[in-house]
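Chain residues, written in single-letter form:
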Amino acid sequence: MTCDEAKILLHALIDGELDAGHAREVETHIATCPACATELAAVRELKQAMAGAQLRYTAPLALRQRIEAALPQAQPQIQIVPSRRAVLRGFAMGSAVSAIAATGLVAIVLRNDDRQRLESEIVSAHLRSLQAGHLTDVLSTDQHTVKPWFNGRLDVAPPVIDLTAQGFTLIGGRLDYVDARAIGAIVYRRRLHVINLFVAQTSSSEPRAAKAESFQGFNIRSWSEGGLNFWAVSDLAADELAEFSDKLQTAMKSSAAG
Amino acid sequence: MPLRAANDDPDKARRFRDVALPHLDDVYTMARYLLRDATDAEDAVQECYLRALKHFDSYRGPAIKLWLFAILRNVCHSEYARRAHSPSTGAIEDIAEDAEQTPLWHEAQETPEAAMLRQRDAGAIRRLVSALAEPFRETFVLREIQNLSYREIADIAAVPVGTVMSRLARARAMLRSAWLAEEEPPK
C-alpha cells in the first residue's frame, strides 16, 4: 500500500468503515510508516475535538411552531360528537339529548377584545378539554384550593368563585392556551354539563356588558369586568348560560365588596 | 401561506408529525451548515417539511432522517440556484494541488495540539466548519455531526462511497489547515 492510498483509507479506518481485510492492510502500512502514523493521530485528534464540541444547532421555537401550525389539525367537532354521544347515552336516562347539548360551560378571560377571531379558539379549547381527558389540572370543589393553584402559572389571578349553592358546581381549574397564550380556565358543572370559564387580562378597564354568541352549536357568553375578559363557552342553553354569568358576576361583586 | 397547501388528512399529519418532527433539530443543523444563514435555514427547513408532508404518502424509506436530509438538500440546492451569487465569501476554498504534496498535518507530537483543539469554543469550530467549501462541507457535516455512514452519505449525495471517503479526507485536511492557520497568524 502506498502512502497516498493510506492517507485516504485511514479516514475510513478511523470511521470504522473498513472491512477487516482492508483495515489490516492500512494498519500494517501505518505500523511501518511514521508519516502516515502521524497523520492518523492528527485525524483522530480532530475527530475527538469535533465530537466534544457543540456543533449542533437547535431549531428555533418559532420554526417548530410554524411547521406544527402548517400540519392539518384533527377536526375536533368531528371527533368529539361520537364520544360525547356515547357518554350521554349512559347518562341521558331516556330524555332526548342531542350530542351537542352536552354542556361544557367555558368562561374565558382574554387579554384583548379581538373576539371574532377568538371565538373559534375558545370553542376549540372547550372541545379539547372535553376530548382529551384533561378537563382539570387541579381537581377541587374548594375555591380556596383552585385559586392559589393559578399563582405563578398566569399573569393574572382569575377569580375563582364557588357557585354550588346557585346550581353550578366548581370542579377545578386548568391552564389552557388560547391565542397562543396561557390562560386560566375554571371548570364548573351544571347537572351533567361541564362548564369551563376562561379568564385573561384586558388592556381596557372599562366594564363591558355580557354578550351572547353561538359558535358551532356552542353558546359563548363574554363580558369584561375589573380589567379582565371573561368568556363562558358551553353547550348549555343560552338562558342557562346567561344565568351562570349573571350569578357569577353578582357573586364577584359581592365578594369584591365584602 | 403556502404551507397550508399541504393536504389535510389529520391521520397522515399525525403520523408525519410523530416521525418527522423529532428530527427537526438535525434537519435545522444541516440547513444551517448548508446555507450558512439562520433565516435562510429556517425557510429551507420549513420548505423541506412542507415537501416531505406532501410526499409522505409515497415515502417508503430509507430512514426518515435520511429522507428529510435528501429533501433538504434539494431545497438548498434550488435556493442556491435562485440566488444570483453563491455566498462563498470567506469560504475556505479547496486547497491547491501542490499543497497536497506537502504534509497536511504538522508533525504533531499530539498532546499540545489536542489540547489546543479542545480549547476551541463551539462558535469558533462552527465557523470553521461553515467556512469549508462544498461539497466537502456537506460530507463533513453528514459524517461528523449527523454521524451517518459512508453508504448513507453516498446515497444522499448521489455519489459513490469512494467519493465520500475522499471528500471527507479532503474536508478534514482543509479544516485542519484552517485551524492551524488561525492558531498561527501569518508572519
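Residues numbered from 1 in each chain as written. Chains lettered and ligands numbered in written order. Predicted model: local features only at pLDDT ≥ 70, side-chain atom pairs only at ≥ 80, totals over all residues.

Some points on the packing of helix α1 (residues 3-14) of chain A against helix α3 (residues 34-52) of chain A
All names here are of chain A.
1) Next: Closest axis-to-axis distance for the α1/α3 pair is 10 Å, and the angle between their directions is 30°. Here α3 runs roughly parallel to α1, going by the angle between their axes. α1 and α3 meet at a crossing whose hand is right-handed. Where α1 approaches α3, its residues Cys3, Ala6, Lys7, Leu10, His11 and Ile14 are matched on the opposing element by Ala35, Cys36, Glu39, Leu40, Val43, Arg44 and Lys47. (Axes fitted to C-alpha atoms, helices over the stretch in contact; angles between N-to-C directions. Helix = DSSP H or I, 4+ residues; strand = E, 2+ residues; numbered from the N terminus. Parallel < 35°, antiparallel > 145°, perpendicular 65-115°, else oblique. Left-handed = near helix turned anticlockwise from the far one by under 90°. Contact = placed C-beta atoms within 7 Å.)

Quick word on the packing of helix α4 (residues 61-70) of chain A against helix α3 (residues 38-54) of chain B
1) Next: Close contact between α4(A) and α3(B) brings their axes to 10 Å; oriented N to C, the two are set at 25°. Here α4(A) is positioned roughly parallel relative to α3(B), judged by the angle of their axes. Of the two possible hands of crossing, α4(A) and α3(B) adopt the one that is right-handed. Between α4(A), through Leu63(A), Arg66(A), Ile67(A) and Ala70(A), and α3(B), the contact on the second element is made entirely by Glu42(B), Val45(B), Gln46(B), Tyr49(B) and Leu50(B).
2) Next: When grouped by side-chain class, the residues that make up the contact of α4(A) with α3(B) number six nonpolar, one polar and two charged. (Nonpolar A, V, L, I, M, F, W, Y, C, P; charged D, E, K, R; others polar.)

Notes on the nonpolar core
1) Next: Judged by nonpolar contacts, the single largest core of 63 residues is most densely connected at Val27(B), Ala31(B), Ala44(B), Val45(B), Cys48(B), Leu68(B) and Leu72(B).
2) Next: Non-local contacts of Ala31(B), meaning those with residues more than four positions away in its chain, are made with Ala41(B), Ala44(B), Val45(B), Leu72(B) and Cys76(B).
3) Next: Within the second largest apolar cluster, 40 residues are counted, among which are Val123(A), Leu170(A), Leu228(A) and Leu241(A). (Core = buried A, V, L, I, M, F, W, Y, C linked by C-beta atoms within 7 Å. Buried ≥ 20, exposed ≤ 12 C-beta atoms within 10 Å, placed from the backbone.)

Description of the pairing of strand β7 (residues 218-225) of chain A
Residue and element names in this part refer to chain A.
1) Next: With eight of its eight residues buried, β7 lies for the most part within the structure.
2) Next: Across the two faces of β7 the burial is the same, with Phe218, Ile220, Ser222 and Ser224 and Asn219, Arg221, Trp223 and Glu225 all buried.
3) Next: Pairing analysis gives six bridges linking strand β6 (residues 208-215) to β7, with the strands arranged antiparallel. When the sheet's bridge partners are listed, Phe215 is paired in β7 with Phe218.
4) Next: In this antiparallel pair of consecutive strands, β6 and β7, the connection spans two residues, and Gln216 shows a positive phi of 50°.
5) Next: Hairpin geometry of β7 and strand β8 (residues 228-234) is characterised by an intervening segment of two residues between the two adjacent antiparallel strands and by a positive phi of about 60° at Gly226. (Pairing = 2+ DSSP bridges.)

Quick look at unusual backbone geometry
1) Next: In this model, Glu134(B) is joined to Pro135(B) through a cis peptide bond whose omega is 5°.
2) Next: Position of Pro135(B) among the secondary structure elements: in the loop between α6 (122-130) and α7 (136-144).
3) Next: Backbone geometry at Arg191(A) places phi at a positive 50°, although glycine is not the residue there.
4) Next: Position of Arg191(A) among the secondary structure elements: in the loop between β4 (181-190) and β5 (193-201).
5) Next: With a phi angle near 60°, Arg36(B) is a residue other than glycine that sits in the positive phi range.
6) Next: Position of Arg36(B) among the secondary structure elements: in the loop between α2 (24-35) and α3.

Focus: the confidence of the model for chain B
Residues and elements named next belong to chain B.
1) Next: Summing up the model confidence of chain B, the mean pLDDT is 77 and the portion of residues at 70 or higher is 71%.
2) Next: Per-residue pLDDT stays below 50 along residues 1-6; that stretch engages in ten contacts with residues further than four places along the chain or on separate chains.
3) Next: This model gives residues 86-110 a pLDDT under 50, and the stretch forms 32 contacts once residues within four places in sequence are excluded.
4) Next: This complex was scored by the predictor with a pTM of 0.52 and an ipTM of 0.76. (pLDDT = per-residue confidence, 0-100.)

Brief notes about the environment of Ala13(B)
1) Next: Its place among the elements puts Ala13(B) in helix α1 (residues 10-20).
2) Next: As a C-alpha pair, Ala13(B) and Leu53(B) span 40 residues in sequence and 7.5 Å in three-dimensional space.
3) Next: Not counting chain neighbours up to four residues away, the residues in contact with Ala13(B) comprise Leu71(A) and Pro72(A).

Quick look at the environment of Glu5(A)
1) Next: With respect to the helices and strands, Glu5(A) occurs in helix α1.
2) Next: A count of 13 C-beta atoms within 10 Å places Glu5(A) in the partly exposed class.

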